[in-house]
Amino acid sequence: MTAHDTPLSADMTITAQALTEFCDDYLSASAFKDYAPNGLQVDGGRPIRRIVTGVTACEALIDAAIAEDADAIMVHHGYFWKGEPMTITGMKGQRIRKLMQHGISLIGYHLPLDAHPKIGNNAKLAEMLGLTITEALYPHESHPVGNIATCPPQSAESLTQTITQALGRIPLHISGHYQYLADEAADADTAVPKLLKRIGICTGGAQDMIEQAAAMGCDAYISGEISERTTHSARELGIDYFACGHHATERAGIQALGDIVAQQFGLSVRFIDIDNPA
Ligand SMILES: [Zn+2]
């Protein structure tokens, strides 16, 4: 677990509703059709003075927030996802019970925090990798998630190094140049050197958007997770794929939102990274 503090200015408080209203507005949250409610998900019922931010509202993050005497947790992955059981039982019940027992509010922003042009996960990842965003991955959607970026032409090895340095972990790279060779080197990567300069980006579990990245003429696509099928997509679509970790690619947005909240309201905000290799 690592933590990053935003310096405290004053001992200010704000209601959960006012804090959420500010964030909703800043992120244009109501414009997005999402898989989970954005904004205030659990009302802990007390004024907010200290906030803990994190990627996912897992039990370890709640324990950290309790240890920090936080009044609110702000995350990218909150609760109440489409398709999950509606009851507050089991693991979800345990998490929410802890929040309520300690009067801690939970505030979550999913797609609005991926897509924000300045502090979104995609914008931040591009910035960390030295890529310049030029357009949306889905240009015809009103609030698209995912981007296309450019960079000086570079090899897959060079991009791998940049990602490793930026995220502190080695990405899984699937070459877009693959041919089955029955005689000599079966299953060999034909290793045709290709320079990458037009890069699709969408953080998290957006591996299936590789087809859109290929359709948009990208040389490479960067996301968080990989499925078995993603390897075949990369090879058959002729696009290099970099699986950089769901958690690793989605740390920056919530930290940036925390910084903004700290500056705007003079609250104490601490990012706590509950390590996750996936
Ligand atoms: Zn995610």
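Basis of the calculations
- Residues numbered from 1 in each chain as written.
- Predicted model: local features only at pLDDT ≥ 70, side-chain atom pairs only at ≥ 80, totals over all residues.
- Heavy atoms only, no water.
- UniProt positions renumbered as here; feature names shortened; annotations may be inferred.
- Buried < 20%, exposed > 50% of the residue type's maximum accessible area, 1.4 Å probe, protein only.
- Helix = DSSP H or I, 4+ residues; strand = E, 2+ residues; numbered from the N terminus.
- Pairing = 2+ DSSP bridges.
- Right-handed = clockwise from strand over helix to strand, strands pointing away.
- Contact = heavy atoms within 4.5 Å.
- Donors = N, O, S within 2.8 Å, 3.2 Å for Na, K, Ca; no water.
- Disulfide = S-S within 2.5 Å.
- Axes fitted to C-alpha atoms, helices over the stretch in contact; angles between N-to-C directions.
- Parallel < 35°, antiparallel > 145°, perpendicular 65-115°, else oblique.
- Nonpolar A, V, L, I, M, F, W, Y, C, P; charged D, E, K, R; others polar.
- Arc of directions from axis to C-beta.
- Polar contact = N/O pair within 3.5 Å; in protein donor to acceptor, adjacent residues only side chain to side chain.

- Taking an unreviewed UniProt entry as the reference, the protein chain is identified by name as GTP cyclohydrolase 1 type 2 homolog belonging to Psychrobacter halodurans.
- The UniProt entry for the protein chain carries this comment under Sequence similarities (unreviewed entry): "Belongs to the GTP cyclohydrolase I type 2/NIF3 family."
- Of the protein chain, the UniProt comment under Subunit (unreviewed entry) reads exactly: "Homohexamer."

1. Some thoughts on the pairing of strand 3 (residues 50-56)
No. 1: The buried fraction of strand 3 is high, at 5 of 7 residues.
No. 2: As defined by bridge partners, strand 3 adjoins strand 12 (residues 268-273) across 4 bridges and the pair is classed as parallel. Paired with Thr-53 across the bridge in strand 12 is Phe-271.
No. 3: Relative to strand 4 (residues 72-77), strand 3 runs parallel, the two being bridged by 5 bridges. For Thr-56, the partnering residue across the bridge sits in strand 4 and is His-77.
No. 4: Handedness of the crossover joining strand 3 and strand 4 through helix 2 (residues 59-67) is recorded here as right-handed.

2. Structural notes on the side chain of His-246
No. 1: Along the polypeptide, His-246 turns up in helix 9 (residues 246-249).
No. 2: Taking the relative accessible area as the measure of exposure, His-246 reaches 18% and is therefore buried.
No. 3: Apart from residues no more than four positions distant in its own chain, His-246 is found in contact with His-77, Gly-204, Gly-205, Gly-224, Glu-225 and Ala-278.

3. Let's talk about the coordination of the zinc ion
Reference values for coordination geometry: four tetrahedral donors around a metal ideally subtend 109.5 degrees, six octahedral donors ideally subtend 90 or 180 degrees.
No. 1: His-77 (NE2), His-246 (NE2) and Glu-250 (OE) make up the full set of protein donors to the zinc ion, lying at 2.0 to 2.1 Å.
No. 2: Each donor residue of the zinc ion belongs to the same chain, and together they define the spacing H-x168-H-x3-E. With a gap of 169 residues between them, His-77 in strand 4 and His-246 in helix 9 connect regions that are remote in the sequence.
No. 3: Classification of His-77 by relative accessible area gives buried; the value is 13%.

4. Looking at the state of the cysteines
No. 1: Applying the stated criterion across every chain, the model contains 0 disulfides.
No. 2: Cysteine Cys-58 is unpaired, with the sulfur of Cys-23 as its nearest cysteine sulfur at 20 Å.
No. 3: Cys-58 sits in the buried class, given a relative accessible area of 16%.
No. 4: Cysteine Cys-151 shares no disulfide, and the gap to the nearest cysteine sulfur, in Cys-218, comes to 11 Å.
No. 5: According to the relative accessible area criterion, Cys-151 is buried, its value standing at 10%.

5. Remarks on the packing of helix 2 against helix 3 (residues 90-101)
No. 1: Remark: helix 2 packs on helix 3, axes separated minimally by 10 Å, with the N-to-C direction vectors making an angle of 10 degrees. On the basis of their axis angle, the class for helix 2 and helix 3 is roughly parallel. In this structure, helix 2 contributes Glu-59, Ile-62, Asp-63 and Ile-66 to the contact, and helix 3 contributes Gln-94, Arg-95, Lys-98 and Leu-99.
No. 2: Here the residues of the contact of helix 2 with helix 3 are counted per class, giving 3 nonpolar, 1 polar and 4 charged.

6. Re helix 2
No. 1: Among the residues of helix 2, Leu-61, Ile-62, Ala-64 and Ala-65 are the ones counted as buried. Each buried residue of helix 2 sits inside an arc of 160 degrees when the element is viewed along its axis, so together they form one side.
No. 2: Once helix 2 ends, the next one or two residues include Asp-69, with phi positive near 55 degrees.

7. Points about the UniProt feature "binding site: a divalent metal cation" (unreviewed entry) in the protein chain
No. 1: UniProt records the feature "binding site: a divalent metal cation" (unreviewed entry) at His-76, His-77, Asp-114, His-246 and Glu-250, using the numbering of this structure. Over a stretch of 175 residues, the named residues converge on one spot in the fold, their C-alpha atoms separated by at most 12.0 Å.
No. 2: Residue position: Glu-250 is located in the loop between helix 9 and helix 10 (252-265).
No. 3: With a relative accessible area of 2%, Glu-250 lands in the buried category.
No. 4: A distance of 2.9 Å separates polar atoms of two side chains, one belonging to Glu-250 and the other to Thr-203.

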